[in-house]
Each structure stands twice: as structure tokens, then as C-alpha cells.
Amino acid sequence: KRYLDVQIRKVGADLSREGYMEVIKNSTKDISISCVFNNAGYITTGMFADVPIEKHLLNLHCNSTCAVQITHYFLNKMLDSGKKG
């Protein structure tokens, strides 16, 4: 009850595929962002050599590079609105 003015919104997006930033932007354009829980990820199973390289690269993108893009986007929104970020 201490944070009645806080809104939490989860956004479902496939972070291993192109277009996820548009989904995130459209799903959050109507709210002021103060904090982002950027905790998506998954594990690829199987012997490394047996898993197609494309699957490894999608996993890498989801687990690391998309976090940079999401953080960069929301940090700039926070800074543009006068928040410390």
C-alpha cells in the first residue's frame, strides 16, 4: 500500500526476433518510466556443436544485446524527462 501511485506493466515480446523494440515502445508509450526490470532470457539446450549456429545467435541476442538496446532506450527516456536515470 505504500506505492499506490506505482504502475507495473509487463510486456511480452520475443527478444530473439526483430521488431521487439516496437512492441516494447508501443506498450509503454503512455506511461512514465522510472525503473526497468530487464530480466528476460533463456537457455539453449543440447551439445553446442549439435545446435544450429542460428539458434545460438538468437539466444545470444536475447540474453545480451537486447538488454543494451532496451536499457539505452529507457535510460534516454528517463533523462529526457528530467529523471536521473
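Above this text you will find the structure in question.
To start, this report covers the structure provided alongside it. Predicted model, so just to flag it, every value in this text is computed and none were measured.

Moving on: the packing of aromatic side chains. For the structure shown, the criterion picks out one aromatic pair. For the ring pair Y73 and F74, a centre distance of 4.9 Å and an interplane angle of 75° mean the geometry is edge-to-face. Judged on exposure class, the residue Y73 and its partner F74 are both buried.

Turning to the nonpolar core, a few remarks are in order. Generally speaking, soluble globular proteins have nonpolar side chains that are buried together. Among the nonpolar cores identified, the biggest contains 12 residues, and these are L15, Y20, M21, I24, I31, I33, C62, C66, I70, Y73, F74 and M78. If you list the elements that add at least two residues to this core, you get helix 1 (20-28) and helix 2 (53-80). Among the elements that line this core, the one with the most residues is helix 2, at six residues. Those residues in contact with Y73, other than ones at most four positions away along the chain, are M21 and K25.

With that settled, consider the layout of surface pockets. What the largest pocket holds in volume is close to 710 Å³. Lining the largest pocket we find 22 residues, and of these R9, K10, C35, V36 and F37 sit closest to its centre. Breaking the lining of the largest pocket down by element, the ones donating at least two residues are helix 1 and helix 2. When grouped by side-chain class, the residues that make up the lining of the largest pocket number 14 nonpolar, six polar and two charged.

Next up on the list: the side chain of H56. The residue H56 is located in helix 2 in this model. Only 3.0 Å separates the side chain of H56 from the backbone oxygen of F48, close enough to count as a polar contact. If we ignore the near neighbours within four places in the chain, the residues touching H56 are T44, F48 and V51.

What counts as what
- Residues numbered from 1 in each chain as written.
- Predicted model: local features only at pLDDT ≥ 70, side-chain atom pairs only at ≥ 80, totals over all residues.
- Heavy atoms only, no water.
- Phe/Tyr/Trp six-rings, centres within 6.5 Å; stacked < 30°, edge-to-face > 60°.
- Buried < 20%, exposed > 50% of the residue type's maximum accessible area, 1.4 Å probe, protein only.
- Core = buried A, V, L, I, M, F, W, Y, C linked by side-chain atoms within 4.5 Å.
- Helix = DSSP H or I, 4+ residues; strand = E, 2+ residues; numbered from the N terminus.
- Contact = heavy atoms within 4.5 Å.
- 1 Å grid on protein atoms, 1.4 Å probe; cavity = no way out; pocket = protein on both sides within 12 Å on 5 of 7 lines; lining within 4 Å.
- Points joined across faces, edges and corners; volume = space filled by probe spheres on them.
- Nonpolar A, V, L, I, M, F, W, Y, C, P; charged D, E, K, R; others polar.
- Polar contact = N/O pair within 3.5 Å; in protein donor to acceptor, adjacent residues only side chain to side chain.

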